[in-house]
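# Topology and contacts: notes
Listed here are the chains, written in short residue letters.
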Amino acid sequence: MTSPRTAFILGPTLFATYGVLRAVDGLDGERGPGLAWTAGHLCFVVALAFFVRGFAELRARAGRRDRVATVGLWTGIAGAAALTVQFGVDIVTGLMAADHAEMARLSDNFGSLPGVEAAFYAFGPMLFFVGQIVLTLRLFALRGLPLWSPCLVFATTLMPFASKDLMPVAAVLLLLAYAPLWRPSASRTALTSA
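Analysis parameters
- Residues numbered from 1 in each chain as written.
- Predicted model: local features only at pLDDT ≥ 70, side-chain atom pairs only at ≥ 80, totals over all residues.
- Heavy atoms only, no water.
- Helix = DSSP H or I, 4+ residues; strand = E, 2+ residues; numbered from the N terminus.
- Rg over C-alpha atoms; globule rule 2.2 N^0.38 Å.
- Buried < 20%, exposed > 50% of the residue type's maximum accessible area, 1.4 Å probe, protein only.
- Contact = heavy atoms within 4.5 Å.
- Areas by Shrake-Rupley, 256 points an atom, 1.4 Å probe, with all protein chains shown as cover.
- Lys, Arg positive; Asp, Glu negative; His and termini not counted.
- Charge placed at Lys NZ, Arg CZ, Asp CG, Glu CD.
- Axes fitted to C-alpha atoms, helices over the stretch in contact; angles between N-to-C directions.
- Parallel < 35°, antiparallel > 145°, perpendicular 65-115°, else oblique.
- Left-handed = near helix turned anticlockwise from the far one by under 90°.
- pLDDT = per-residue confidence, 0-100.
- Core = buried A, V, L, I, M, F, W, Y, C linked by side-chain atoms within 4.5 Å.
- Expected span 1.5 Å × (residues − 1).
- Polar contact = N/O pair within 3.5 Å; in protein donor to acceptor, adjacent residues only side chain to side chain.

### Quick notes on the overall build of the protein chain
Helix and strand content of the protein chain: nine helices and zero strands. For the protein chain, the α and β elements follow one another from N to C terminus as α-α-α-α-α-α-α-α-α. Taken against the 2.2 N^0.38 rule, which gives 16 Å for 194 residues, the C-alpha radius of gyration of the protein chain at 17 Å falls within 12% of a compact globule. Along the longest, intermediate and shortest principal axes, the C-alpha atoms of the protein chain span 55 × 35 × 30 Å. Across the 194 residues of the protein chain, 44% fall into the buried class. For the protein chain, restricting intrachain contacts to residue pairs at least 6 apart in sequence, the fraction spanning at least 24 positions comes to 74%. Carbon and sulfur atoms make up 69% of the accessible area of the protein chain, which totals about 9,700 Å². The distance from the centre of the 15 positive side-chain charges to the centre of the 11 negative ones in the protein chain is 23 Å.

This is how it looks when you write it as structure tokens:
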């Protein structure tokens, strides 16, 4: 099983890798299909798995019976699932399509299905970010994280919406936000008994 330290390092690192590959993919003026498109999206999906592991650790540090942390965990997991479907569709359409236009058409076919837009593009993915903010704020409230950690998480949540080209920068800020959690927590016992 992945250690919490590994999750808190590899999740943001793979997000950064996705951001770099996305930039490389766009050098020809359009994104996908191709190796950079597929590799970048695979990095993002694997990063989500590490983040879910990290979310579970955040909840454990807050205490398994902590309701706020439990809501944050399941909200983050729901968002990660929505993002996984979204990126999975991007991977599949990229592999099926001969060019960008065909890939866009295949993606539009999926997106036009009832409920898909809301569940996997508009609302569902937001839950990943909401869950992450709830968990880090809860750890801050329990004195398990410094104030700057949830502040950095909140800032990184906004950056991709401003421009997806900022993904590598957002990933670096996430590494910094989670840096206090890279080592085993000496205060875990104190937190879980609170």
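### Remarks on the environment of A98
Summarising the element assignment, A98 is placed in the loop between α3 (67-96) and α4 (100-111). Exposure remark for A98: the relative accessible area of 68% places this residue in the exposed category. It is 7.4 Å that separates the C-alpha atoms of A98 and P33, two residues lying 65 residues apart in sequence.

### A few points about the packing of helix α6 (residues 126-141) against helix α7 (residues 148-162)
Helix-helix packing: each pair is described by the crossing angle between the helix axes and the interaxial distance. Orientation of α6 relative to α7, taken along the N-to-C sense of each, is 165°, at an axis distance of 8 Å. The angle between α6 and α7 places the two elements in the roughly antiparallel class. When you trace α6 past α7, the crossing you get is left-handed. Facing α6, whose interface residues are M126, F129, Q132, I133, T136, L137 and F140, α7 presents P150, V153, F154, T157 and F161.

### Digging into the packing of helix α2 (residues 35-62) against α3
Remark: α2 packs on α3, axes separated minimally by 9 Å, with the N-to-C direction vectors making an angle of 170°. By the angle between their directions, the pair α2 and α3 is classed as roughly antiparallel.

### Description of the confidence of the model for the protein chain
Within the protein chain, residue pLDDT values average 91, and 93% of them lie at 70 or more. Contacts of residues 186-194 to residues separated by more than four positions or lying in other chains number ten contacts, the stretch itself having pLDDT below 50.

### Things to note about the nonpolar core
In terms of nonpolar packing, the biggest core is built from 34 residues, with F15, F44, F55, L58, F128 and Y178 touching the most fellow members. Those elements giving two or more residues to this core turn out to be α1 (4-25), α2, α3, α6 and α8 (167-178). Counting residues per element, this core draws most heavily on α2, at nine residues. With sequence-adjacent residues up to four places away left out, Y178 is seen in contact with F8, F51, F55, L58, Q132, T136 and V153.

### Considering the environment of F123
Counting through the fold element by element, F123 comes out in the loop between α5 (116-122) and α6. Since its relative accessible area comes to 55%, F123 is described here as exposed.

### What to know about the environment of A60
Its place among the elements puts A60 in helix α2. Measuring from C-alpha to C-alpha, the distance between A60 and A78 comes to 18 Å, with 18 residues separating the pair along the chain.

### Notes on α3
Structural remark: α-helix, 3.6 residues per turn; residues separated by three or four positions point the same way. Its 30 residues give α3 an end-to-end C-alpha distance of 43 Å, which sits within 8% of 44 Å, the value for a rise of 1.5 Å per residue. Residue D66 occupies the N-cap position of α3, its side-chain oxygen lying 3.1 Å from the main-chain nitrogen of V68.

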